[in-house]
Amino acid sequence: MKRPPSADTWSHFTSDEEFYWRMPLEILDQLLYAQEHQLPTEVIEKNTGLSSETIEKVLIHINRIRDSTEYVRAAPPICYISR
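Heads up: these notes are all about the structure in this document. Keep in mind that this is a model prediction, so the values were computed, not measured.

1. A short note on a nonpolar patch on the surface
Stage number 1. Together, Tyr-33, Leu-39 and Val-43 make up an exposed nonpolar region whose accessible area comes to about 250 Å².
Stage number 2. Tracing the backbone through its elements, the reader meets Val-43 in helix α2 (residues 41-48).
Stage number 3. With a relative accessible area of 33%, Val-43 lands in the partly exposed category.

Here it is in structure tokens:
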């Protein structure tokens with residue numbers, strides 16, 4: 001009860017906020033916004049302070065996750081029965 005919260009699956013202390021990509025949610029929000037609005041890497045670098053290599057890796061990873069979970073966001077199949 002007195003211990004600070006952690007992800008418990010990582011070998012060293014990590015906040016829940018930084019667990020997955022090991023960066024603050026404010027930075028991830030900016031990356032997602034930039035990706036959605038197709039902002040150039042230079043603008044993202046200026047706003048986040050991240051290197052272009054890190055930005056590209058994170059955006060590729062976000063795309064991979066988005067593609068692999070497409071079925072979760074897809075509408076369920078509809079079966080029409082005619083009489």
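There's more to say after this.
2. A word on unusual backbone geometry
Glycine aside, the phi torsion of most residues is negative, and most peptide linkages are trans.
Stage number 1. One non-glycine residue, Gln-38, lies in positive phi territory at about 50°.
Stage number 2. Tracing the backbone shows Gln-38 in the loop between α1 (25-36) and α2.
Stage number 3. With a relative accessible area of 70%, Gln-38 lands in the exposed category.

3. Thoughts on the side chain of Gln-35
Stage number 1. Structurally, Gln-35 can be placed in helix α1.
Stage number 2. With near-sequence residues (within four places) excluded, Gln-35 lies in contact with Leu-59, Ile-62, Asn-63 and Arg-66.

4. Overview of the side chain of Thr-41
Stage number 1. Considering the arrangement of structural elements, one finds Thr-41 in helix α2.
Stage number 2. When near neighbours in sequence (up to four residues on either side) are disregarded, Thr-41 contacts Ser-52, Ile-55 and Glu-56.

5. Here's the deal with the nonpolar core
Stage number 1. Grouped together as the largest cluster of nonpolar side chains are 11 residues: Met-23, Ile-27, Leu-28, Leu-31, Ala-34, Ile-44, Leu-50, Ile-55, Val-58, Leu-59 and Ile-62.
Stage number 2. Mapped by element, the contributors of at least two residues to this core are α1 and α3 (52-68).
Stage number 3. Once residues lying within four places of it in the same chain are set aside, the contact partners of Leu-31 are Met-23, Ile-44, Leu-50, Ile-55, Val-58 and Leu-59.

Calculation rules
- Residues numbered from 1 in each chain as written.
- Predicted model: local features only at pLDDT ≥ 70, side-chain atom pairs only at ≥ 80, totals over all residues.
- Heavy atoms only, no water.
- Patch = residues over 30% accessible without salt bridge, like charges linked within 9 Å, V, L, I, M, F, W, Y side chains within 5 Å.
- Areas by Shrake-Rupley, 256 points an atom, 1.4 Å probe, with all protein chains shown as cover.
- Salt bridge = Lys/Arg side-chain N within 4 Å of Asp/Glu carboxyl O.
- Helix = DSSP H or I, 4+ residues; strand = E, 2+ residues; numbered from the N terminus.
- Buried < 20%, exposed > 50% of the residue type's maximum accessible area, 1.4 Å probe, protein only.
- Contact = heavy atoms within 4.5 Å.
- Core = buried A, V, L, I, M, F, W, Y, C linked by side-chain atoms within 4.5 Å.

Note that every value here comes from positions in space, so none of it alone points to a role or purpose.
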